[in-house]
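Survey of secondary and tertiary structure
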Amino acid sequence: MALSVKGLLKQTLASIPYAADAYWRVIDGGGPTLHFTGHNSLETLSNSLPGWCETAEKTRKESSPGRDVMIFGTFRYWIEHTTALALTLSGLGHRVTLAYLPYARYKIPANRFDLQRQDSYVWDVLRLTSPLIQVTSLYRYPPYHGALPEQLREAVEEISLRDFQYSLKVEDVDREGQLYRLRIARNEFAARVALEWLKANRPQVVIIPNGSVLEYGVLYHVARYLDIPLVTYEFDEPEHRIRLAHNNEVMREDTHEFWQVQKESPFTEEERESLQSLLAARQHGNTWKQFSIKFQDVPRQGEEHIRGELGLDARPVVLLAPNVFGDSATLGRQIFTDSLSEWLEGTVRYFTRRPDIQLVIRIHPSESRFPNGTSMSAVVDQTLPTLPEHIHLVTAEAPVNTYDIMEISDLGLVYTTTVGMEMAMSGVPVVVAGFTHYRGKGFTLDPDSWDAYFDLLDRVLASPKEYRLTERQTTDAWHYAYRFFFEFTKPFPWHLLYFWEDVKEWPLERVLGEEGLALFGKTFQYLTGEPIDWGDMA
């Protein structure tokens, strides 16, 4: 496509040193530019930095020398968060480099000249942290010019595919489309500049939000390639908690070491009651304490109602509960299938030969929030345009509570959804087809091939009652769920989504004070690479 006159002018100016910076200072007035306007502005961060720096500098004078730490951020919300974290760690005595890329949006392209202007804006804000933080613009750093190592080239391609699916919630990737080409270009650039910078500087630890998608996934793979210790972190529930992983993608929720430490600890009646209260709220479509996500849109209505609503008889009932496609809990979680859709299609075809069993496919209620994404209902419709009488499809919009179906089920089939863990807590046998945190913990059935999967279905459906969980397995499921929901995360002051609200409650002065360090001090140690104490019950 031919460039416009304006586009040609920007292309020319981008090749002239300091032209974009001069344009930004004179024409843009040194303020937010392009995609950094409106809600993406860094104005609130800029206004907060003088006070934050004063607090961090005061605390740093009283701290022992720490580690060489590199933190990476891009996009307004993560830049705000990583800057606060960087100043906190600097205040604790660490030598911190905050590396950034000047992107404001991950699905919308920008030309070189405009990105240079955006870089000037971000740099001008973050330079206020000097000398407490060494700020580095990876956009300005000379990239690696040789052929990318095969390991990194494959990682760039995999992450770009994942980015496309994550962004649009669709399974089929258009490799010729603008979004995929944008993600390939940005991810390869990130790999090249990160490879060159990390080789030259080699910090003792790299801290990366998420580590699975976008440039964060690329930085993760570059650090792993160079064998530099790294920490990934993310947010979920409850409030004021964080998930951490050392040398692993935090989004994979690898709980193996955690459960090895915790599984022999006592599971008290008080803990069971707390978990029961949380589950009751989830089942009835309510929130509970610091847990703010609603998992059902309608309250429970009971066994008799659901049987009548779905037209179920006395034959055994199997609940198949797929995830929302594009959810981070589904991307890269294949074990023996190529995708979530392939598992759903193969399973539905299997049950066409089992009229002795009633299959209920409950599409995740949250799917209705992504009308343009890959629909699991559409996968079922394409597989079986006309459903036989023993297969029932409950759409995302249906006024049905999933927990009512769980109550009458003889077997559960899941990919990675927590519905599987909760069914096991009721003693229902559950077959897990994808990699999820509760797989392999002793209370689920975990096939690793299609043959093993279908053989397992044959055996369980021949006598579902024989596969009901033992009392010990059910207790283990409850115990694991409690530890996962309440203790797998670690205390942390600021949630990404509610960052500025949390900053009001936990300003940097309070975080770095006696109260804050008593609550969050260990988490900051874990973030800088100190081994995680999974026996810590904080």
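Each remark here, short or long, concerns the structure printed above.
Cut-offs and rules
- Sequence order as written defines residue numbering, which begins from 1 separately in each chain.
- Local features in this predicted model are restricted to residues of pLDDT 70 or higher, and side-chain atom pairs are both shown and tallied only at a pLDDT of 80 or more, whereas totals for entire chains, interfaces and linings draw on every residue.
- Hydrogens and water molecules were not included; the side-chain quantities draw on all heavy atoms of the structure.
- Runs of E in the DSSP output that reach at least two residues are strands. Runs of H or I that reach at least four are helices, and both are numbered from the N terminus.
- Restricting the calculation to C-alpha atoms gives the radius of gyration, and the globule rule supplies 2.2 Å times the number of residues raised to the power 0.38.
- Relative accessible area decides the class of each residue, using a 1.4 Å probe on protein chains only: under 20% of the type maximum gives buried, over 50% gives exposed, and in between gives partly exposed.
- Between two residues, a contact is recorded if the distance between any of their heavy atoms is within 4.5 Å.
- Residue burial considers only the protein chains on display, and all accessible areas are found by Shrake-Rupley using a 1.4 Å probe.
- We score Asp and Glu as negative and Lys and Arg as positive, and we do not count His or the chain ends.
- Working definition for charges: the position is that of NZ of Lys, CZ of Arg, CG of Asp or CD of Glu.
- We count a salt bridge whenever a side-chain nitrogen from Lys or Arg sits within 4 Å of a carboxyl oxygen from Asp or Glu.
- A patch is a set of surface residues, each over 30% in relative accessible area and not in a salt bridge, joined within 9 Å for like charges and within 5 Å for the nonpolar side chains Val, Leu, Ile, Met, Phe, Trp and Tyr.
- To estimate how far a helix should extend, the number of its residues minus one is multiplied by 1.5 Å.
- Axis geometry follows a simple rule: fit a line to the C-alpha atoms, using only the stretch in contact for helices, then measure angles between N-to-C directions, giving values from 0 to 180 degrees.
- Any angle between 65 and 115 degrees counts as roughly perpendicular, while under 35 counts as roughly parallel, over 145 as roughly antiparallel, and the rest as oblique.
- For any helix crossing, the convention is left-handed if the near helix is rotated counterclockwise from the far helix by under a right angle, and right-handed if that rotation is clockwise.
- Basically, the charged four are Asp, Glu, Lys and Arg, the nonpolar ten are Ala, Val, Leu, Ile, Met, Phe, Trp, Tyr, Cys and Pro, and anything else, Gly included, counts as polar.
- What makes two strands pair is DSSP finding at least two bridges between them.

1. Here's the deal with the overall build of the protein chain
- Across its full length, the protein chain carries 20 helices and 12 strands.
- Against the compact-globule benchmark of 24 Å for 538 residues, the protein chain has a radius of gyration of 25 Å, which places it among compact chains.
- Structurally, the protein chain occupies a C-alpha span of about 75 × 60 × 40 Å along its principal axes.
- A burial count over the protein chain gives 56% of its 538 residues as buried.
- Considering only contacts within the protein chain whose residues lie at least 6 apart along the sequence, 75% involve residues at least 24 apart.
- Total accessible area computed for the protein chain in this model is approximately 23,100 Å², and 49% of it derives from carbon and sulfur atoms.
- Across the protein chain, the 54 positively charged side chains and the 73 negatively charged ones have centroids separated by 5 Å.

2. A closer look at unusual backbone geometry
- Cis geometry marks the peptide bond from S130 to P131, where omega comes out at 5 degrees.
- As for its placement among the helices and strands, P131 is situated in the loop between α5 (112-126) and β3 (133-137).
- Notably, N210 is not glycine yet its phi reads approximately 65 degrees, a positive angle.
- Take N210: it is sitting in the loop between β4 (205-209) and α8 (214-225).
- At E253, a residue that is not glycine, the phi angle is positive and equals roughly 50 degrees.
- Among the structural elements, E253 can be located in the loop between β6 (241-246) and α9 (256-262).

3. Structural notes on the pattern of salt bridges
- A complete count under the given rule lists 28 salt bridges for this structure.
- Across the salt bridge formed by R25 and D21, the nearest N and O atoms sit 2.9 Å from each other. In this pair, R25 and D21 both sit in helix α2 (residues 19-26), four residues apart, roughly one turn of the helix.
- For R25, a relative accessible area of 43% corresponds to the partly exposed category.
- We note a salt bridge from E157 to R153, for which the minimum N-O separation is 3.7 Å. Placement of both E157 and R153 in helix α6 (residues 150-168) is noted, with a separation of four residues, approximately one turn of the helix.

4. Some details on the environment of L179
- Structurally, L179 is set in helix α7 (residues 178-201).
- Under the relative-accessibility criterion, L179 is labelled buried at 11%.
- Each C-alpha atom, one on L179 and one on Y106, is 9.0 Å from the other, the two residues being 73 residues apart in sequence.
- Excluding residues that lie within four positions of it along the chain, L179 makes contacts with Y106, K107, F164, S167 and L168.

5. Quick word on a nonpolar patch on the surface
- Side chains of Y23, V26 and I27 sit close together on the surface and give an oily, nonpolar patch of about 300 Å² of accessible area.
- Within the element layout of this structure, Y23 appears in helix α2.

6. Points about α6
- Over its 19 residues, α6 extends 27 Å from the first C-alpha to the last, a length consistent with the 27 Å expected when each residue adds 1.5 Å.
- All buried positions along α6 are accounted for by L152, A155, V156, I159, S160, L161, R162, D163, F164, Q165 and S167.
- In this fold, the buried residues of α6 make contact with α7 and α8.
- Immediately downstream of α6, the backbone of K169 shows phi near 55 degrees, a positive value.

7. Observations concerning the packing of α6 against α8
- Where α6 meets α8, the axes come as close as 9 Å, and the angle between the chain directions of the two elements is 160 degrees. One element, α6, and the other, α8, form an angle in the roughly antiparallel class. You can see that α6 and α8 cross each other, and the crossing is right-handed. Contacts between α6 and α8 involve Q151, L152, A155, I159 and D163 from the first element and L214, G217, V218, H221, V222 and Y225 from the second.
- Across the contact of α6 with α8, the residue classes tally to seven nonpolar, three polar and one charged.

8. Concerning the side chain of R117
- Tracing the sequence through the fold places R117 in helix α5.
- A relative accessible area of 7% places R117 in the buried class.
- Non-local contacts of R117, meaning those with residues more than four positions away in its chain, are made with K10, A20, Y23, W24, D28, T33 and L34.

9. A look at the packing of α6 against α7
- Between α6 and α7, the least distance of the axes is 9 Å, while the angle of their chain directions is 140 degrees. Viewed along their axes, α6 and α7 adopt a mutual orientation that is oblique. Considering only the axes of α6 and α7, their crossing is right-handed. Across the interface between the two elements, L152, V156, E157, I159, S160, L161, D163, F164, S167 and L168 of α6 pack against L179, Y180, R183, I184, N187, E188, A191 and L195 of α7.
- Of the residues contributing to the contact of α6 with α7, the split by class is 11 nonpolar, three polar and four charged.

10. A look at the sheet that holds strand β7 (residues 317-321)
- Strand order in the open sheet formed by five strands is β9-β8-β7-β10-β11, with parallel pairing between adjacent strands. Lying at the two open borders of the sheet, with one neighbouring strand each, are β9 (391-394) and β11 (430-432). For this sheet the average axis-to-axis angle between neighbouring strands, irrespective of direction, equals 20 degrees.
- Pairing between strand β10 (residues 411-414) and β11: three bridges, direction parallel. When the sheet's bridge partners are listed, G412 is paired in β11 with V430.

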